[in-house]
Amino acid sequence: MKLNIENALAFVEKSDYDSLLNEAVEGRTTLLTRTGAGHEFTDWFDVDEKVTGDVDDIIATAQQIQDMSEVFVVIGVGGSYLGARAALEFINSPNYNLMSKNTPEVYFAGNYMSSDAIAEILAIIGNRDFSINVISKSGTTTEPAIAFRIFRERLEQKYGRKGAASRIFVTTDKSKGALRKVSQEKGYKSFVVPDGVGGRYSVISPVGLLPLAVAGVDIKALLKGTRDAIEHFKVAPAEENDALKYAAIRNCLYRMGKKVEIFADFEPALRFTGEWWKQLFGESEGKEGKALFPASVDYSADLHSMGQYIQQGERIMLETFVVVENSRTALVVPHDAEVDDELEYLAGKTVLWANSQVHAAVEKAHFDGGVPNLTVTIKDMSAMSFGELIGFFMFACGVSGYVLGINPFDQPGVEEYKKNMYRMLGKPGFTD
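### Quick look at a negative patch on the surface
Here is step 1: Together, Asp336, Glu338, Asp340, Asp341, Glu342 and Glu344 make up a region of like negative charge exposed at the surface.
Here is step 2: Along the chain, Asp340 falls in the loop between strand 9 (317-324) and helix 15 (351-368).
Here is step 3: Of the residues examined, Asp340 reaches a relative accessible area of 76% and is grouped as exposed.

Structure (structure tokens):
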């Protein structure tokens, strides 16, 4: 992975950037010494068994699920599903469910309060064999709890209670909560949400690893990518440390008055990586009236919708481009001199090369239009590369939060809507 910040440095004073880079070094020290706010949720940067769980057990369980299931439903909201979906689409394909042959189709439920969304998955399953993985630290988060009840009922109707129990896999707190209690009572196979890992960092825990293993992802390669990246960022000097440089330049631009950071990808497979990134930075930094607002766009499509605003709208943005050097395929623009579509000049060139020129053109146009931009380049769409990419963003986010002066590992604001919802739903015994 490589980070290029030249098109952002041009908008800032070097002395300001150097000062922020020093603050990022201090932020790293705070993170690694576990002396900052929220330090109890920093186990993720060690990427060891305390975080990942027993990887061999996860792989063996995934094989069991593959053997008995045509469909696998992952029930969770926020960090309980975004990382797994991002990885699945990046490593396999956004069209994985249409293309999967030897592994189950994977659907994500419990992330909307939508009757239609749940009903559609039930219809897709039809009479086929299926299993579910319900993911919740407490087991009482309303959206996934409702979905779990519905899918559990369908399992019990189809297989009986005993048969259903063998097809329900739980990822929850190691010792407490409603879901831990029910899994013990019913005999569900369970995995642990690590205490020291918040939801938005949990893709490298059983939260993300079990669904990915079911989909045939090499989770050991993913973990190696994350581990190698984070170990480098822990020790590399600032001038050789892309995570520190990213934390520094985005905070430098924020202090200059930028309000929005756009994650811009050039591959459909990266769309949900952008969604995961938005939660990572939005939930980690959006506190105390502070922080860049994280947004995402998909190019080239959004160049024909959002491109006008980004090019000539209010100058409140910076962009972080994420580009892939190598595609899985080598499609070439065909020759066809008989059709007057003014495209023959591209005949014989690869679509990958054309996409790289789109990036170059957008980079220059937006820079010339006054939008600072950075480019993160990743080698390919492998499990290793995905692991490296999320390791980069997770480490940078922890550092950036400390530079910003907030606790990057809590989310007190998320509880506000829940209080209103519980009251409006008439939850018994609920008080503010």
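Read on, since the account is not over.
### Concerning helix 13 (residues 271-285)
Here is step 1: For helix 13, which comprises 15 residues, the first-to-last C-alpha distance of 21 Å matches the rise-based estimate of 21 Å (1.5 Å per residue) to within 8%.
Here is step 2: Within helix 13 the residues assigned to the buried category are Phe272, Thr273, Gly274, Trp276, Trp277, Gln279, Leu280, Phe281, Ser284 and Glu285.
Here is step 3: Next to the buried residues of helix 13 lie helix 5 (82-91), helix 12 (242-255), strand 7 (260-265), strand 8 (293-298) and helix 16 (383-404).

### Concerning the side chain of Ser131
Here is step 1: Take Ser131: it is sitting in strand 4 (residues 130-135).
Here is step 2: Residues in contact with Ser131, not counting those within four places in the same chain, are Ile65, Met68, Ser69, Val71, Phe72, Val73, Arg167 and Phe169.

### Description of the sheet that holds strand 3 (residues 105-109)
Here is step 1: Strand order in the open sheet formed by 5 strands is 3-2-4-5-6, and the pairing between neighbours is parallel. The sheet terminates laterally at strand 3 and strand 6 (189-192), the two strands that pair on one side only. Averaged over all neighbouring strand pairs, the angle between strand axes comes to 20°, with direction disregarded.
Here is step 2: Note: strand 2 (residues 71-75) against strand 3, 5 bridges, orientation parallel. Across the sheet, the residue bridging to Phe72 is Val106, located in strand 3.

### Topic: the layout of surface pockets
Here is step 1: Within this model, the largest pocket holds a volume of roughly 1,100 Å³.
Here is step 2: Lining the largest pocket are 41 residues, and of these Val77, Gly79, Thr141, Gln411 and Lys418 sit closest to its centre.
Here is step 3: Elements with a contribution of two residues or more to the lining of the largest pocket: helix 8 (142-165), helix 13 and helix 17 (414-425).
Here is step 4: Among the elements that take part in the lining of the largest pocket, helix 17 stands out by supplying 6 residues, more than any other.
Here is step 5: Of the residues that constitute the lining of the largest pocket, the class distribution is 17 nonpolar, 13 polar and 11 charged.
Here is step 6: Estimated volume of the second largest pocket: approximately 510 Å³.
Here is step 7: Surrounding the second largest pocket, 22 residues form its lining, Arg85, Tyr107, Phe108, Asn111 and Ile121 being those nearest its centre.
Here is step 8: Sorting the residues of the lining of the second largest pocket by element identifies helix 5, helix 6 (96-99), strand 3 and helix 7 (115-125) as the ones contributing at least two each.

### Here's the deal with unusual backbone geometry
Here is step 1: For the bond running from Tyr299 to Ser300, omega is 15°, close enough to zero to count as cis.
Here is step 2: By the secondary structure assignment, Ser300 is in the loop between strand 8 and helix 14 (307-312).
Here is step 3: Notably, Val47 is not glycine yet its phi reads approximately 45°, a positive angle.
Here is step 4: Checked against the element boundaries, Val47 lands in the loop between helix 2 (14-32) and helix 3 (49-52).
Here is step 5: For Val47, a relative accessible area of 2% gives the class buried.

### Topic: the packing of helix 10 (residues 206-214) against helix 11 (residues 219-235)
Here is step 1: Look at helix 10 against helix 11: their axes get within 10 Å of each other, and the N-to-C directions meet at 140°. In terms of their interaxial angle, helix 10 and helix 11 are classed as oblique. Within the contact between the two elements, helix 10 uses Leu209, Leu212 and Ala213 and helix 11 uses Ile219, Leu222 and Leu223.
Here is step 2: Taken together, the residues of the contact of helix 10 with helix 11 sort by class into 6 nonpolar, no polar and no charged.

### A look at empty space enclosed by the protein
Empty space left among the atoms is revealed by rolling a probe the size of a water molecule over them.
Here is step 1: Following the criterion strictly, the structure yields 1 cavity of 30 Å³ or more and no others.
Here is step 2: Around the largest cavity sit Arg250, Asn251, Tyr254, Glu285, Ala291, Leu292, Ser400 and Leu404, which together line it.
Here is step 3: Elements supplying a minimum of two residues to the lining of the largest cavity: helix 12 and helix 16.
Here is step 4: Looking at the lining of the largest cavity, the element that brings in the most residues is helix 12, giving 3 residues.
Here is step 5: Considered class by class, the residues forming the lining of the largest cavity number 4 nonpolar, 2 polar and 2 charged.

Conventions and cut-offs
- Residues numbered from 1 in each chain as written.
- Predicted model: local features only at pLDDT ≥ 70, side-chain atom pairs only at ≥ 80, totals over all residues.
- Heavy atoms only, no water.
- Patch = residues over 30% accessible without salt bridge, like charges linked within 9 Å, V, L, I, M, F, W, Y side chains within 5 Å.
- Areas by Shrake-Rupley, 256 points an atom, 1.4 Å probe, with all protein chains shown as cover.
- Salt bridge = Lys/Arg side-chain N within 4 Å of Asp/Glu carboxyl O.
- Lys, Arg positive; Asp, Glu negative; His and termini not counted.
- Charge placed at Lys NZ, Arg CZ, Asp CG, Glu CD.
- Helix = DSSP H or I, 4+ residues; strand = E, 2+ residues; numbered from the N terminus.
- Buried < 20%, exposed > 50% of the residue type's maximum accessible area, 1.4 Å probe, protein only.
- Expected span 1.5 Å × (residues − 1).
- Contact = heavy atoms within 4.5 Å.
- Pairing = 2+ DSSP bridges.
- Axes fitted to C-alpha atoms, helices over the stretch in contact; angles between N-to-C directions.
- 1 Å grid on protein atoms, 1.4 Å probe; cavity = no way out; pocket = protein on both sides within 12 Å on 5 of 7 lines; lining within 4 Å.
- Points joined across faces, edges and corners; volume = space filled by probe spheres on them.
- Nonpolar A, V, L, I, M, F, W, Y, C, P; charged D, E, K, R; others polar.
- Parallel < 35°, antiparallel > 145°, perpendicular 65-115°, else oblique.

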